[in-house]
Amino acid sequence: MSWKPLRVLTPRSILPASAVVLVLAAGAAAHANKPVPFGDRVAGPGDAGATPVNSESLGSADLDLRVGPGLEAFHQQTGEQAWSYRREGVEALYLAMAGDNAIVVWDDGMVTSVRPGDHEVRWHRVVPGLADWLHGDGEPGADKRTDAQRKALAKQRAAAALHTVQRDGSPWLALVTPNLTMGLRDADGDLRYNDKPSGGCVYDPLRAVHTDYAVLIPRTCTNSGGQAVSGGITGYRLDSNGWSTSTGPTATVKVLDRSRVEITDGPVVPPRVFDTKAAAPETACGSVGAPFAAVRPQGGCAADPAAGQDPAGNPTPDAPAAAGAPAGDQPAGQPQ
């Protein structure tokens, strides 16, 4: 080891006290002028600073939440503004609730989660490609759109891009663009999955739907000549594996209730029902596999000896009606 003598600080080498004060003051000023992350600004009425509130006394049920230009909160009883959440230079396009939290899509492709009770911005996420798709620049006819048409298009696509799933008290959300889908846990904004369509295919966010258990995203595939040749529907869940089914290029999905959807694939193929909680299709009455089906039609089949019986063979009333639950909350014949 080599030893170096201690450096002696002479009066000339010691920083004057006045200089120290100037350095500290400059640092404090720089910290005070530091831009707020992501341009966030939460304010009360008249642009006054929003005062933290008691989340137990004021929640989403007590507020009327609206979008434009930011997320605006108004008291339900009085109609007075409670607070506003805005981001500098960008506009809020769409709002959806994930449990008690507000999820906002902004026109720069960012998505944020806000807790209305204390107007805390909980997390931010940027979705790759979302901003470009929202604005539609470069698409055929884009240069002929008016400002009103561009704004209307952005709001329509923002609504199609965001899907919230109210699953068992642990809500999550999916963000869908033609070339990417992402699943986020609302509790902390954690990315749980991301997926791209296979080669030659794109997702169609405008046809996507969600239930209380899954998000279903149709996709369209084209050949080398650009003609639509096939399609499919992919179902995504956060608590288990998803699934995929092949369809024609224009198949539609209609939500029937909290768990079931109806898939229509043209005039030749009859519509079929899929249960997103059981992650299985309903088996039609009279089919060979009906007695062993994972999901039977609601209400059972008239000729099915097991219909209207519990596992022990005893007669039971209609399960949804007896439990007071809405139709579709539990697939018929499924374990609770």
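Everything in this summary refers to the structure shown in the same document. None of these values were measured; they are calculated from a predicted model. (Residues numbered from 1 in each chain as written. Predicted model: local features only at pLDDT ≥ 70, side-chain atom pairs only at ≥ 80, totals over all residues. Heavy atoms only, no water.)

**So, the sheet that holds strand β4 (residues 81-87)**
With antiparallel pairing, 4 strands are arranged side by side in an open sheet as β1-β4-β3-β2. A strand with exactly one partner marks an edge of an open sheet, and here the two such strands are β1 (40-43) and β2 (63-67). Adjacent strand axes in the sheet meet at a mean angle of 15°, parallel and antiparallel pairs treated alike. Two elements, strand β3 (residues 71-75) and β4, share 4 bridges in a ladder whose sense is antiparallel. Bridged to Glu72 within β4 is Ser84. (Pairing = 2+ DSSP bridges. Helix = DSSP H or I, 4+ residues; strand = E, 2+ residues; numbered from the N terminus. Axes fitted to C-alpha atoms, helices over the stretch in contact; angles between N-to-C directions.)

**Thoughts on the pattern of salt bridges**
Under the defined criterion, the tally for this structure stands at 18 salt bridges. A salt bridge links Asp118 to Arg115, with the nearest nitrogen and oxygen atoms 3.2 Å apart. Residue classification places Arg115 among the partly exposed positions, given a relative accessible area of 30%. A salt bridge links Arg207 to Asp204; the nearest nitrogen and oxygen atoms lie 2.8 Å apart. Judged by its relative accessible area of 16%, Arg207 falls in the buried class. (Salt bridge = Lys/Arg side-chain N within 4 Å of Asp/Glu carboxyl O. Buried < 20%, exposed > 50% of the residue type's maximum accessible area, 1.4 Å probe, protein only.)

**Comments concerning the state of the cysteines**
As enumerated under the stated definition, the model contains 1 disulfide in all. Covalent S-S linkage joins Cys201 and Cys221, the inter-sulfur distance amounting to 1.9 Å. On the S-S bond that ties Cys201 to Cys221, the torsion sits near 100°, and the link is right-handed. With a gap of 20 residues between them, Cys201 in strand β13 (residues 201-203) and Cys221 in strand β15 (residues 215-222) connect regions that are remote in the sequence. Taking relative accessible area as the criterion, Cys201 reaches 9% and is therefore assigned buried. (Disulfide = S-S within 2.5 Å.)

**Digging into unusual backbone geometry**
Excluding glycine, residues mostly carry a negative phi; peptide bonds, for their part, are mostly trans. Here the amide bond leading from Gly68 into Pro69 is cis, since omega sits at -5°, within 30 degrees of zero. As for its placement among the helices and strands, Pro69 is situated in the loop between β2 and β3. With phi around 40°, His119 is a residue other than glycine that occupies positive phi space. At Ala279, a residue that is not glycine, the phi angle is positive and equals roughly 55°. Mapped onto the fold, Ala279 is located in the loop between β20 (269-275) and β21 (280-281). For Ala279, a relative accessible area of 36% corresponds to the partly exposed category.

**Quick word on the nonpolar core**
Counting 21 residues, the largest nonpolar core has Val111, Leu130 and Leu173 as its most contacted members. Elements represented by at least two residues in this core include exactly β5 (92-98), β6 (101-106), α2 (130-135), α3 (147-161), β10 (172-177) and β11 (180-185). Here the element with the most residues in this core is α3; it accounts for 4 residues. Once residues lying within four places of it in the same chain are set aside, the contact partners of Val111 are Ile103, Val104, Val105, Trp123, His124, Arg125, Val127, Leu130, Leu173 and Leu175. The next biggest cluster of nonpolar side chains, apart from the first, holds 15 residues, and it includes Leu65, Tyr85, Val104 and Val121. (Core = buried A, V, L, I, M, F, W, Y, C linked by side-chain atoms within 4.5 Å. Contact = heavy atoms within 4.5 Å.)

**Considering the packing of aromatic side chains**
For the structure on display, the rule yields 4 aromatic pairs. With centroids separated by 4.8 Å and ring planes inclined at 25°, the aromatic side chains of Trp243 and Phe274 adopt a geometry described as stacked. Within this pair, whereas Trp243 is found in strand β17 (residues 243-247), its partner Phe274 is found in strand β20, the two being separated by 31 residues in sequence. A relative accessible area of 14% means that Trp243 is categorised as buried. (Phe/Tyr/Trp six-rings, centres within 6.5 Å; stacked < 30°, edge-to-face > 60°.)

**Digging into the sheet that holds strand β18 (residues 252-255)**
Ordered in space as β18-β19-β20-β21, the 4 strands form an open sheet in which the pairing is antiparallel. Looking at strand neighbours, the two that pair on one side only are β18 and β21, the edges of this open sheet. Bridge count for β20 against β21 is 2 bridges, and the pairing is antiparallel. Across the sheet, Phe274 pairs through a bridge with Pro281, a residue of β21.

**Some words on the side chain of Arg87**
As for its position among the elements, Arg87 is in strand β4. Polar side-chain contacts of Arg87 include one of 2.9 Å to the side chain of Asp108. If we skip the residues at most four places from it in the chain, Arg87 touches Phe38, Gly39, Asp40, Trp106, Asp108 and Met110. (Polar contact = N/O pair within 3.5 Å; in protein donor to acceptor, adjacent residues only side chain to side chain.)

**Digging into α3**
With 15 residues, α3 ought to run about 21 Å at 1.5 Å a step, and its terminal C-alpha atoms sit 21 Å apart, in line with that. Among the residues of α3, those classed as buried are Leu153, Ala154, Arg157, Ala158, Ala160 and Ala161. One side of α3 carries all its buried residues, which in axial view fall inside an arc of 160°. In this structure, α3 carries Ala148 and Lys151 as exposed residues pointing more than 90 degrees from its buried face. The secondary structure elements touched by the buried residues of α3 are β5, β6, α2, β9 (162-165) and β10. (Expected span 1.5 Å × (residues − 1). Arc of directions from axis to C-beta.)

**Structural notes on the environment of Met110**
Assignment of secondary structure puts Met110 in strand β7 (residues 110-115). Measuring from C-alpha to C-alpha, the distance between Met110 and Val90 comes to 9.7 Å, with 20 residues separating the pair along the chain. Not counting residues up to four positions away in its chain, the partners in contact with Met110 are Phe38, Arg87, Val104, Val105, His124, Arg125 and Val126.

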